[in-house]
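Chain and residue survey
Here's the letter readout for the chains.
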Amino acid sequence: MRTLTALHRAHVAAVPFENLDVALGRPVPLDLKSLQGKLVERRRGGYCYEQNSLFAAALERIGFQVAGRGARNRSRGAALPPVTHALLAVTAEGEQWIADVGFGWQGLLEPVPLRDGVRVEQGGWTFGVHVEDEGVHVLRSLRPEGWKDLYAFSPQAYLPGDFTVLNHYSSSHPQSRFLGQVVAQRPGADAGRSLLRATFSILRPDGSAEERIVTAGELAAALEAEFGIELDAEERAGLERLHAEGA
């Protein structure tokens, strides 16, 4: 279990959540060679399908039993969105654990036991698991105002082909929240950081928050300083143009 925890923490610390290829209108391949090239060699990040696919491959090479899951994001209020989030269920020490390195600034730092009533502290954050009707598991985060649902998922296993379908929706469907805007996020023990469009936000476990506007001229520097994302000249020009257009 120590190995799984250490790998999860290391991945979250090293690889940011971001949608920049989608914002630039590029395809988002999920084959292992492409993922290694982008997330490891080029010092870029990715969203859930990319990050958890790469993490699953690493865990499987070590010998962990890994299964995919598809979840509905509940972090944005009462709306009922489609299943668009990908996470992992990993077996370690005879128990299943939620492993998820791709949920963004509200996400886990370490795996969480996949059983009802669990409550764990990770840095300053507290996460819990609640089981609803029909075996639906809900990952929750404790905030000053009470428990907040992050996402809900069923026990059904998702295969790489299922992630391919979800990835196609998220990277190309007109209703996808990833199209036409810059998203970069990173969780942390002391604070979560997010850049959405032009707004850079910091959220702390005690509920305190900060916001500032990032201009097109500041975008590349902010992505590198706050998220460790290094852009090439073409990416920088394309994102600055998108940013300046008000995306």
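Just so you know, the residues in each chain are numbered from 1, in the order the chain's sequence is written. Per-residue local features of the predicted model are confined to residues with pLDDT of at least 70, and side-chain atom pairs are confined, for both listing and counting, to 80 or more; whole-chain, interface and lining totals are unaffected and use all residues. Based on all heavy atoms of the structure, the side-chain values leave hydrogens and waters out of the count.

1. Examining the sheet that holds strand 11 (residues 192-196)
Read across the open sheet, the 5 strands follow the order 1-10-11-12-13; overall the sheet is antiparallel. This sheet does not close on itself; its edge strands, each paired only once, are strand 1 (17-18) and strand 13 (209-213). Two strands qualify as a pair provided that DSSP identifies no fewer than 2 bridges between them. The numbering of helices and of strands both runs from the N terminus, where a helix is a DSSP run of H or I of at least 4 residues and a strand a run of E of at least 2. Bridge count between strand 11 and strand 12 (residues 199-203): 5 bridges; the pairing is antiparallel. Bridge assignment links S194 to a residue of strand 12, and that residue is S201. We call two residues contacting when some pair of their heavy atoms lies within 4.5 Å. Working convention: axes come from line fits to C-alpha atoms, limited for helices to the stretch in contact. Angles between N-to-C directions cover 0 to 180 degrees. Packing of helix 6 (residues 219-227) onto the sheet brings it into contact with strand 10 (183-186), strand 11, strand 12 and strand 13, and relative to strand 11 it is tilted by some 160 degrees.

2. As for the pairing of strand 7 (residues 125-131)
Only protein chains enter the accessibility calculation, which uses a 1.4 Å probe. A residue is then buried if its area is under 20% of the maximum for its type, exposed if over 50%, and partly exposed in between. Judged by how many residues are buried, strand 7 sits mostly within the fold: 5 of 7 residues are covered. Bridge count between strand 6 (residues 119-122) and strand 7: 4 bridges; the pairing is antiparallel. Each bridged residue has a counterpart across the sheet, and for Q122 the counterpart in strand 7 is W125. Between strand 6 and strand 7, which follow one another and run antiparallel, lie 2 residues, and G123 among them has a positive phi close to 65 degrees. As paired strands, strand 7 and strand 8 (residues 137-143) are joined by 5 bridges and run antiparallel to one another. Bridge pairing in strand 8 links V131 to H137. Once strand 7 ends, the chain turns through 5 residues before running back antiparallel as strand 8, passing E134 with a positive phi of about 60 degrees.

Remember that the coordinates give geometry; whether it matters functionally is a separate question.
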